[in-house]
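Chain residues, written in single-letter form:
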Amino acid sequence: MAKVELIVPDKLSKIDPDLRDRLLTGAIREVASAQLREKEEELKEARKHVLEFEDKYIKNLEHFEKDMPEDADYKLHEDLVEWSFWNDVLVKAQCLVKDLRFVLAKTDEGNT
């Protein structure tokens, strides 16, 4: 396990260590839960946009980029930029959701 240092108000540092640990764990759980809900919504939106492009072009982004003609028109380039953006959002959101679920599982584990 890695050690993380926090700077906390003096009063918090002087309370019972067990209570302090429960408070900090609870705070992490609350923030992680809120962030998880937010990132799941972001993931859902990104997935929707990526699927729209995949349906439109009947291929994934990687194949679209590979098959894109050198003389592609403005609309194809515009779709490539937007598709790439949503794909990046999707990948990042997937990683964050996975990390947040891990954090929540670990904080729940510590409270059983």
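Residues numbered from 1 in each chain as written. Predicted model: local features only at pLDDT ≥ 70, side-chain atom pairs only at ≥ 80, totals over all residues. Heavy atoms only, no water.

Caption draft 1: Examining the overall build of the protein more closely. In terms of helices and strands, the protein carries four helices and zero strands. Secondary structure of the protein in N-to-C order comes out as α-α-α-α. In terms of overall dimensions, the protein is more spread out than a globule: its C-alpha atoms have a radius of gyration of 21 Å, far above the 13 Å expected for 112 residues. Across its three principal axes, the protein shows a C-alpha extent of roughly 70 × 25 × 25 Å. Taking all 112 residues of the protein together, 24% fall into the buried category. Looking at the protein alone, contacts between residues at least 24 apart form 64% of all its contacts between residues at least 6 apart. Here the protein contributes 19 positive and 27 negative side-chain charges, whose respective centroids are spaced 8 Å apart. (Helix = DSSP H or I, 4+ residues; strand = E, 2+ residues; numbered from the N terminus. Rg over C-alpha atoms; globule rule 2.2 N^0.38 Å. Buried < 20%, exposed > 50% of the residue type's maximum accessible area, 1.4 Å probe, protein only. Contact = heavy atoms within 4.5 Å. Lys, Arg positive; Asp, Glu negative; His and termini not counted. Charge placed at Lys NZ, Arg CZ, Asp CG, Glu CD.)

Caption draft 2: Representation of the pattern of salt bridges in the model. The final tally for this structure, using the stated rule, is seven salt bridges. For Glu42, the salt bridge identified is with Lys39, shortest N-O distance 3.4 Å. Taken together, the positions of Glu42 and Lys39, both in helix H2 (residues 17-57) and three residues apart, correspond to about one turn of that helix. You can call Glu42 partly exposed: its relative accessible area is 27%. The residue Lys75 makes a salt bridge to Glu78 at a minimum N-O spacing of 3.6 Å. Of this pair, Lys75 and Glu78 both sit in helix H4 (residues 74-109), separated by three residues, roughly a single helical turn. Take Glu78: its relative accessible area is 33%, and that puts it in the partly exposed class. (Salt bridge = Lys/Arg side-chain N within 4 Å of Asp/Glu carboxyl O.)

Caption draft 3: View of the nonpolar core. Formed by 21 residues in total, the largest nonpolar core has its most connected members in Tyr57, Phe64, Met68, Leu76 and Trp83. Of all the elements in the fold, those that place two or more residues in this core are H2, helix H3 (61-67) and H4. It is H4 that contributes the most residues to this core, 10 residues altogether. Not counting the four nearest positions on each side in its chain, Phe64 is found in contact with Tyr57, Lys59, Leu76, Leu80 and Trp83. (Core = buried A, V, L, I, M, F, W, Y, C linked by side-chain atoms within 4.5 Å.)

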